[in-house]
Amino acid sequence: MEKIQYKLKKECNHIAFIMDGNGRWAKKRLLARHFGHKEACKRVIEIGRACQDIGIKAMTLYAFSTENWSRPQDEIDHLFEYLDEFFLSNIDEFMERGVRVQMMGEMDALPLHSQETISKAIDMTKNNSSFFFNICLNYGSRQEIVRATKLIVKDVQEGKILESDIDEKLFSSYLYSSNLPPIDLMIRTSGEQRLSNFLLYQLAYSEFIFTPTCWPDFKADKLIECLEEFATRNRRFGGLINK
């Protein structure tokens, strides 16, 4: 596979993706929606390779939200079958490239076969450190924040921490993303312009790019277009414009 030749013009350590438009991509081609998810898996590995080649340290993918359980069961079943196939077919490459797999979300509600596949991928890659591949499954940001709050309350009650210890740094340490670098850029495909309960806490000062391209068509050239746009942004983090 050919390595992507692109030099970052602005530091970008972590990109989050809302992979939207799979169903619309399939419908446009007169295919069942689940074929859009199958094609989407090809883009995931392609974009993951590109991010790592470019020098980005982590990617987070919104693959299945807590709200997605309301979709047709047939579509859900196919999605998790493709998810299993993705990890089984790419785990050797992950090991070769030093990719560490992580998951954000409540795993217990996933199909048992997917729980086993994902757990195995996480365990096999736990000592890798070249690149973080972070996938959000049965994930909702409000749920994550409530979960973190409950864990903090429990630790205060058990005397492990003091109420006075609670600050932004401590709160962040109770989130699923505690070991990941801050998110520099969030890209949502297919033209929708909302966060859909995705990383509400972590995206506080990230740059957002909304592209009309559906995820199955979002290839490495589209990623570079987004990085070119990102390079023009002036990240002030609440301060004055840099001169």
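Higher on the page you've got the structure.
Since we're looking at a predicted model, the values are computed, not measured.

J.: I'm lost on a negative patch on the surface in this one. Help?
T.: Negative charge collects at one region of the surface, where Asp74, Asp77, Glu81 and Glu85 lie side by side. Turning to its location among the elements, Glu81 is positioned in helix H3 (residues 73-97). On the basis of relative accessibility, which here comes to 40%, the residue Glu81 falls in the partly exposed class.

J.: Just to check I follow, could you spell out the layout of surface pockets for this structure?
T.: Think of a ball as big as a water molecule: rolled over the atoms, this probe shows where empty space is left. When its volume is computed, the largest pocket comes out at roughly 600 Å³. Contributing to the lining of the largest pocket are 30 residues, with Met19, Asn22, Tyr62, Ala63 and Arg71 lying nearest its centre. Listed by contribution, the elements that provide at least two residues to the lining of the largest pocket are helix H1 (22-28), helix H2 (33-54), strand S2 (58-65), H3 and strand S4 (131-139). Ranked by residues supplied to the lining of the largest pocket, first place goes to H2 with five residues. Taken together, the residues that form the lining of the largest pocket break down as 15 nonpolar, seven polar and eight charged. There is about 470 Å³ of room inside the second largest pocket.

J.: Can you help me understand the nonpolar core in this one?
T.: The biggest cluster of nonpolar side chains holds 44 residues, and the ones touching the most others in it are Ile15, Phe17, Phe87, Phe133 and Leu223. Counting residues per element, this core draws most heavily on H3, which supplies eight residues. Contacts of Phe133, omitting those with residues within four sequence positions, involve Val44, Met59, Leu61, Phe86, Phe87, Phe94, Val99, Arg100, Val101 and Gln102.

J.: Looking at this model, I keep getting lost on the packing of H2 against helix H7 (residues 220-232). Mind explaining?
T.: A packed helix pair is summarised by two numbers, namely the angle formed by the two axes and the spacing between the axes. Packing of H2 against H7 brings their axes to within 9 Å, and their N-to-C directions diverge by 45 degrees. Considering their axes alone, H2 and H7 lie oblique with respect to each other. Helix-helix and strand crossings are classified by hand; for H2 and H7 the assignment is right-handed. Contacts from Glu46, Ile47, Ala50, Cys51 and Ile54 in H2 reach Ala220, Leu223 and Leu227 in H7. Among the residues making up the contact of H2 with H7, the classes are represented as seven nonpolar, no polar and one charged.

About the thresholds
- Residues numbered from 1 in each chain as written.
- Predicted model: local features only at pLDDT ≥ 70, side-chain atom pairs only at ≥ 80, totals over all residues.
- Heavy atoms only, no water.
- Patch = residues over 30% accessible without salt bridge, like charges linked within 9 Å, V, L, I, M, F, W, Y side chains within 5 Å.
- Areas by Shrake-Rupley, 256 points an atom, 1.4 Å probe, with all protein chains shown as cover.
- Salt bridge = Lys/Arg side-chain N within 4 Å of Asp/Glu carboxyl O.
- Lys, Arg positive; Asp, Glu negative; His and termini not counted.
- Charge placed at Lys NZ, Arg CZ, Asp CG, Glu CD.
- Helix = DSSP H or I, 4+ residues; strand = E, 2+ residues; numbered from the N terminus.
- Buried < 20%, exposed > 50% of the residue type's maximum accessible area, 1.4 Å probe, protein only.
- 1 Å grid on protein atoms, 1.4 Å probe; cavity = no way out; pocket = protein on both sides within 12 Å on 5 of 7 lines; lining within 4 Å.
- Points joined across faces, edges and corners; volume = space filled by probe spheres on them.
- Nonpolar A, V, L, I, M, F, W, Y, C, P; charged D, E, K, R; others polar.
- Core = buried A, V, L, I, M, F, W, Y, C linked by side-chain atoms within 4.5 Å.
- Contact = heavy atoms within 4.5 Å.
- Axes fitted to C-alpha atoms, helices over the stretch in contact; angles between N-to-C directions.
- Parallel < 35°, antiparallel > 145°, perpendicular 65-115°, else oblique.
- Left-handed = near helix turned anticlockwise from the far one by under 90°.

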